[in-house]
Structure formats: C-alpha cells, structure tokens
Amino acid sequence: MTSHTQTYHRPANECFSSAIDAGILSANPIDSNYAGNYMYMHSTDHADHFKHHDTREYIQHDHTDSLATRIRTGRATFPCASILDN
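In this report, the structure presented in the accompanying data block is examined. All values derive from a computational prediction rather than experimental measurement. Chains are numbered independently. Their residues run from 1 in the order of the written sequence. Side-chain atom pairs in this predicted model are given and counted only at pLDDT of 80 or more, local residue features only at pLDDT of at least 70, and totals for whole chains, interfaces and linings cover all residues. For the side-chain quantities, the full set of heavy atoms in the structure was used; hydrogens and water were omitted.

**Some remarks on the environment of Thr 64**
Line of reasoning, step 1. Counting from the N terminus, the helices are DSSP H or I runs at least four residues long and the strands are E runs at least two residues long. Within the secondary structure layout, Thr 64 lies in the loop between strand S3 (58-62) and helix H2 (67-72).
Line of reasoning, step 2. Separated by 19 residues in sequence, Thr 64 and Asp 45 have C-alpha atoms that sit 8.2 Å apart.

What follows is the structure, encoded as structure tokens:
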C-alpha cells in the first residue's frame, strides 16, 4: 500500500522567513543558498519545499522545528541561559 502525503500552501513569506531563520536559505545575495534563487512550491505536514530557479534542485525545511514552534510548544532550549544565571 502506497502512502501519499497531502500537500498544501502556506503564506510564502512565512515559509521563506522560517527557512532563512533556520539557515536553510540565506538573505545574502552572494550566498549559494540565497532565497531569491528559490521558488516556494508547497508544504506538507512537516516541511516547506523549495525549488532552485536554475538547477531545479529541491530543498525542504522542517517548518515544525522552527524556533517559534519550539517556543510555542515548550521545546525550546537556550544553552546560553545558564551564563545569565551567574
């Protein structure tokens, strides 16, 4: 039995911002992973999918693991927080 993943569309600006915040894409035009070189294609339950304009290479970003999601769900860790306690 084959499993099919449902796709849908989220606001593209949110997808790009999340991928840039995670380091999957870059806001710097000289970087090879510059967001301006990619098109937002679609989302699945766990990932946003992007395609490079020229190479047609697909990349994906796990949007369920963004910092905002980790904070909202109580899963965020802040390793530098212990420095502030001293």
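**A look at the sheet that holds strand S1 (residues 38-43)**
Line of reasoning, step 1. Two strands are said to pair when DSSP picks up at least two bridges between them. Here we have three strands laid out as an open sheet, ordered S1-S2-S3, and antiparallel in their pairing. Across the chains shown, the open sheet's two edge strands, defined by having one partner strand only, are S1 and S3. Within the sheet, the average angular offset between the axes of one strand and its neighbour, ignoring direction, is 30°.
Line of reasoning, step 2. As judged from the five bridges shared by strand S2 (residues 47-52) and S3, these two strands associate in the antiparallel manner. Note that in S3 the partner of Ala 47 across the bridge is Asp 62. Only the contacting stretch of a helix is used when fitting its axis, a line to C-alpha atoms as for every element, and angles between N-to-C directions run 0 to 180 degrees.

**Topic: the pairing of S3**
Line of reasoning, step 1. Of the two faces of S3, only the one carrying Ile 59 and His 61 is buried; Tyr 58, Gln 60 and Asp 62 on the other face are not.
Line of reasoning, step 2. Here S2 folds back onto S3, and the loop between the two strands holds five residues, one of which, Arg 56, carries a positive phi near 65°. The classification of residues rests on relative accessible area computed with a 1.4 Å probe and restricted to protein chains. Under 20% of the type maximum is buried, over 50% is exposed, and intermediate values are partly exposed.

**A look at the nonpolar core**
Line of reasoning, step 1. The term nonpolar core refers to a set of buried residues drawn from Ala, Val, Leu, Ile, Met, Phe, Trp, Tyr and Cys, joined through side-chain atoms within 4.5 Å. Core analysis: the largest hydrophobic core is formed by nine residues, namely Cys 15, Phe 16, Ala 19, Leu 25, Ala 35, Tyr 38, Tyr 40, Phe 50 and Ile 59.
Line of reasoning, step 2. Residue assignment for this core shows that the elements contributing at least two residues are helix H1 (12-21) and S1.
Line of reasoning, step 3. The biggest single contributor to this core is H1, with three residues.
Line of reasoning, step 4. Every residue pair with non-hydrogen atoms within 4.5 Å of one another is taken to be in contact. Setting aside residues up to four positions removed in sequence, Phe 50 forms contacts with Cys 15, Phe 16, Ala 19, Leu 25, Tyr 38, Met 39, Tyr 40, Met 41, Glu 57, Tyr 58, Ile 59 and His 61.

**Some points on H1**
Line of reasoning, step 1. Within the span of H1, buried status applies to Cys 15, Phe 16, Ser 18 and Ala 19. An end-on view of H1 places all buried positions within 165° of arc, on one side of the element. Opposite the buried face of H1, by more than 90 degrees, sit the exposed residues Asn 13 and Asp 21.
Line of reasoning, step 2. For H1, the secondary structure elements touched by its buried residues are S1, S2 and S3.
Line of reasoning, step 3. Gly 23, located one to two residues past H1, shows a positive phi value of around 85°. Our arc is simply the arc of the directions from the helix axis toward the C-beta atoms.

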